[in-house]
Amino acid sequence: MRNLQLAVLPAVRATSLQRRSPQLVEVPAVPVTSLLKKSPQPVARHVGLVRNSTFAQMDYFAFQWHITDECDQRCKHCYIYSEGHPKLVEMSWERMKSVLANILRMCNRMNRTPYLYITGGDPILHSRFWDLLELLHSKRIPFTIMGNPFHLTDEVCQRMRDLGCRKYQLSLDGLRETHDRFRKPGSYDRTLQAIATIRRSGMHCAIMSTVSAANIDEIPQLIDVVVEHKADIFSFGRYCPTSEDKAQKRLAGGNEGKAFYEWHVEPERYRDFLDKCWQKYEQYKDSATTFNLKDHLWTLYLYERGLFKIPEGLEEDTIYDGCNCGHCHFTISAEGRLMACRRFDSYVGTIQDELYDVFHGPKMVKYREHEKFEKCSKCELLRFCRGCPAVAFGYTKNFYAPDPQCWHK
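Keep in mind it's a predicted model, so treat the numbers as computed, not measured.

Turning our attention to the overall build of the chain. Counting its secondary structure elements, the chain contains twelve helices and 16 strands. The 409 residues of the chain split such that 60% are buried. Intrachain contacts of the chain at a sequence separation of at least 6 include 72% that bridge at least 24 residues. For the chain, the accessible surface area stands at approximately 17,400 Å², while carbon and sulfur atoms represent 48% of it.

Structural data, given as C-alpha cells:
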C-alpha cells in the first residue's frame, strides 16, 4: 500500500490570471524512493511526484537567463544556432543589473520567490560572470548554472558553491559516439569527469538529456552510466524541432507518403521508452541519483499504471500541474528578448518592459487559454499534464495542437 503525502499545489485558474493560494491535497506518493529525495532547487511540484520537497513552503517564479551566446560547442540541436550562425551576443553588465532589478520588482509585486537558471551558450564565458554571481549572492537569490564541462576545476566549482550555486547542470545526449557527434569530440568523457568535480564542491550535479529518434535507444543504458558516476539528478526532455529541421523534411520510402523526420518518435514507441526508463528508475531507487520526471507525459504513463490518481475534491476549472509556460516561467535571451518558453518561438516582450506587466499582458494570456488545447481539453488529465506544447509547436506552429508523442486515445 502506497503512503499518502501532503502536497502543496500552486493552483492556476484555467480561465483567468489569478493564482489561487497554495492548498493541501492528499495524493499518492510514487514508490521510487529516490524520486522523493530533496532536490536542490525550488522547481515545480508534480502532483504525486516530488520534484522538490522544499517547494512545499514557497511559491516561486523561474527565469531561464541566457547571459551570453558564447560557447565551446556548436550542438546540432541548439536553439541559438538553429537558424544558422548569428552574431554571438553577450549581455552587458549594466543591462544585467537592470534585468535583475526588474525580476525582483516583479517577484515582490507577485509575492513570488525568484529562482534563476543562469545559462548561455556557456555562462562562464561571460566577461562578468563572477560579478553576476557575487551580485546574486549578496541578494541571497537562489540559482542553478546550466553550462559546459570544459572550464570546471575544483577551484572554479568551489567558488561557484561559495557564491550560492546550488546545482550545476550538464548535458549528455547519448553514449560516447552519439553525444560527441551532437556536440564535439571529447565532450562525453569531459562531462563524465566533471560530475565528480562538481560534487566535490558541495554542489549538486544534474545530467539532462534531449531525446529524439537519434538517441532514444541509448538513454536506458545512459541511465546506467549516470548512476555509476553518481550524478545527483537525471532527467530528459524531448527534442523540439526547429525551422531548419522542417527545411530538411523528407518523405519516407514505403511509409505511405507520411511526412517523416529523422528525429521523430512515434507515440507508442515513446510510451515503451518511458516504460524502459521507469524500470531503470525502479532498479536504481536506492542509488544516489534522483530521477526528475521532467516530461509531463510521465503523468499519463503513471496514470495508466495506477501510480498517479486524480485527487478527489479538486476544482474542475483549475490547473494544478503540467507545462509551466504562461504560469511561472520566463526566458531571457542574451540580446534582451523575453520569451514564454525557450523551446519555441514565444516572444512576448523585451527586458525594457516591466516583467510584471508582460506577465499580465495579452501576449502571455494566450498561453493560459487551456480550453484551446485541441486534444488535451477533452482529456481527464488536462489539469495535470498537457504534454509538451513546445514540441507540438515545433511540428505544427500551433501551441495548442496535440502532443506528437501522446499515445492517449
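In this section: the nonpolar core. Counting residues in each nonpolar core, the largest one holds 113 residues, and the members touching the most others are Trp65, Met160 and Phe330. In terms of residue count, helix 1 (residues 93-110) provides more of this core than any other element does, eight residues in total.

This paragraph deals with the packing of helix 2 (residues 129-138) against helix 3 (residues 154-162). The interhelical angle for the contact between helix 2 and helix 3, taken along N-to-C directions, is 30 degrees, at an axis separation of 9 Å. One element, helix 2, and the other, helix 3, form an angle in the roughly parallel class. Two secondary-structure elements touch here, helix 2 through Phe129, Trp130, Leu133 and His137 and helix 3 through Val156, Arg159, Met160 and Asp162. Here the contact of helix 2 with helix 3 is composed, by residue class, of five nonpolar, one polar and two charged.

Attention shifts here to helix 6 (residues 219-228). For an α-helix, the turn length of 3.6 residues means that residues three or four places apart are oriented alike. Of all ten residues in helix 6, seven are buried, a share of seventy percent or more. Burial in helix 6 covers these residues: Ile219, Pro220, Leu222, Ile223, Val225, Val226 and Val227. Its buried side turned inward, helix 6 meets helix 5 (187-200), strand 8 (204-211), strand 9 (233-238), helix 8 (267-283) and strand 12 (290-291). The first or second residue beyond helix 6 is Lys230, which carries a positive phi of 65 degrees.

Our next topic: the packing of helix 6 against helix 8. Where helix 6 meets helix 8, the axes come as close as 9 Å, and the angle between the chain directions of the two elements is 20 degrees. When the axis of helix 6 is compared with that of helix 8, the two are roughly parallel. As helix 6 runs across helix 8, the sense of the crossing is right-handed. Taking contact as the criterion, the partners of Ile219, Pro220, Ile223 and Asp224 in helix 6 are, on helix 8, Phe273, Lys276, Cys277, Lys280 and Tyr281. Its residues assigned to classes, the contact of helix 6 with helix 8 comprises six nonpolar, no polar and three charged.

Applying the stated criterion to the full structure yields 14 salt bridges. Here Asp275 and Arg305 are joined by a salt bridge, their closest N and O atoms 4.0 Å apart. In this pair, Asp275 is assigned in helix 8 and Arg305 in the loop between helix 9 (297-304) and strand 13 (318-319), connecting sequence segments 30 residues apart. The exposure class assigned to Arg305 is partly exposed, which follows from its relative accessible area of 41%. Among the charged side chains, a network of salt bridges with common partners joins Arg238, Asp295 and Asp403.

So, about the confidence of the model for the chain. Segments scoring low in pLDDT should not have their predicted coordinates read at a detailed level. Here the chain averages 82 in pLDDT, while 78% of its residues score no lower than 70. Note on residues 1-58: pLDDT under 50 across the span, and 166 contacts to partners over four residues away in sequence or across chains. Low pLDDT, under 50, characterises residues 250-259; the stretch is placed with nine contacts to residues that sit more than four places away or in other chains.

Moving on to the sheet that holds strand 7 (residues 165-171). As summarised here, the arrangement of the ten strands in space is 12-9-8-7-6-5-4-14-15-16, forming an open sheet in which the pairing is mixed. The outermost strands of the open sheet, each flanked by one partner alone, are strand 12 and strand 16 (347-350). Taken together, the two bridges between strand 14 (residues 329-332) and strand 15 (residues 337-339) define a ladder with antiparallel strand orientation. Considered in strand 15, the bridge of Thr331 is made with Met339. Strands strand 8, strand 9 and strand 12 of the sheet are contacted by helix 8, whose axis makes an angle of about 180 degrees with strand 9.

Another aspect to go through is the environment of Arg342. Summarising the element assignment, Arg342 is placed in the loop between strand 15 and strand 16. For Arg342, a relative accessible area of 16% puts it in the buried group. Between the C-alpha atom of Arg342 and that of Gln64, which follows or precedes it by 278 residues, the distance is 8.0 Å.

With that out of the way, let us pick up the side chain of Asp403. Here Asp403 is to be found in the segment after helix 12 (389-396). Looking at Asp403, the relative accessible area reads 7%, which means it is buried. A polar atom in the side chain of Asp403 sits 2.7 Å from the backbone nitrogen of Cys388. Discounting residues that sit within four places of it in the chain, Asp403 has contacts with Arg238, Leu297, Gly387, Cys388 and Ala392.

Inspection of the entire model under this criterion finds 29 aromatic pairs. Arranged with centres 5.5 Å apart and planes meeting at 45 degrees, the rings of Phe61 and Phe330 form a pair that is tilted. Placement of Phe61 in strand 4 (residues 60-66) and of Phe330 in strand 14 is noted, with a sequence separation of 269 residues between them. The same class applies to Phe61 and to Phe330, which are both buried. Note on Tyr303 and Phe308: the rings are 6.4 Å apart at their centroids and 55 degrees apart in plane angle, and the pair reads as tilted. Here the guanidinium or amino end of Arg238 rests over the ring plane of Tyr270, the centre of that ring lying 5.2 Å away. Here the guanidinium or amino end of Arg368 rests over the ring plane of Phe359, the centre of that ring lying 4.6 Å away.

Scoring rules and cut-offs
Residues numbered from 1 in each chain as written. Predicted model: local features only at pLDDT ≥ 70, side-chain atom pairs only at ≥ 80, totals over all residues. Heavy atoms only, no water. Helix = DSSP H or I, 4+ residues; strand = E, 2+ residues; numbered from the N terminus. Buried < 20%, exposed > 50% of the residue type's maximum accessible area, 1.4 Å probe, protein only. Contact = heavy atoms within 4.5 Å. Areas by Shrake-Rupley, 256 points an atom, 1.4 Å probe, with all protein chains shown as cover. Core = buried A, V, L, I, M, F, W, Y, C linked by side-chain atoms within 4.5 Å. Axes fitted to C-alpha atoms, helices over the stretch in contact; angles between N-to-C directions. Parallel < 35°, antiparallel > 145°, perpendicular 65-115°, else oblique. Nonpolar A, V, L, I, M, F, W, Y, C, P; charged D, E, K, R; others polar. Left-handed = near helix turned anticlockwise from the far one by under 90°. Salt bridge = Lys/Arg side-chain N within 4 Å of Asp/Glu carboxyl O. pLDDT = per-residue confidence, 0-100. Pairing = 2+ DSSP bridges. Polar contact = N/O pair within 3.5 Å; in protein donor to acceptor, adjacent residues only side chain to side chain. Phe/Tyr/Trp six-rings, centres within 6.5 Å; stacked < 30°, edge-to-face > 60°. Lys NZ or Arg CZ within 6 Å of the ring centre and 35° of its normal.

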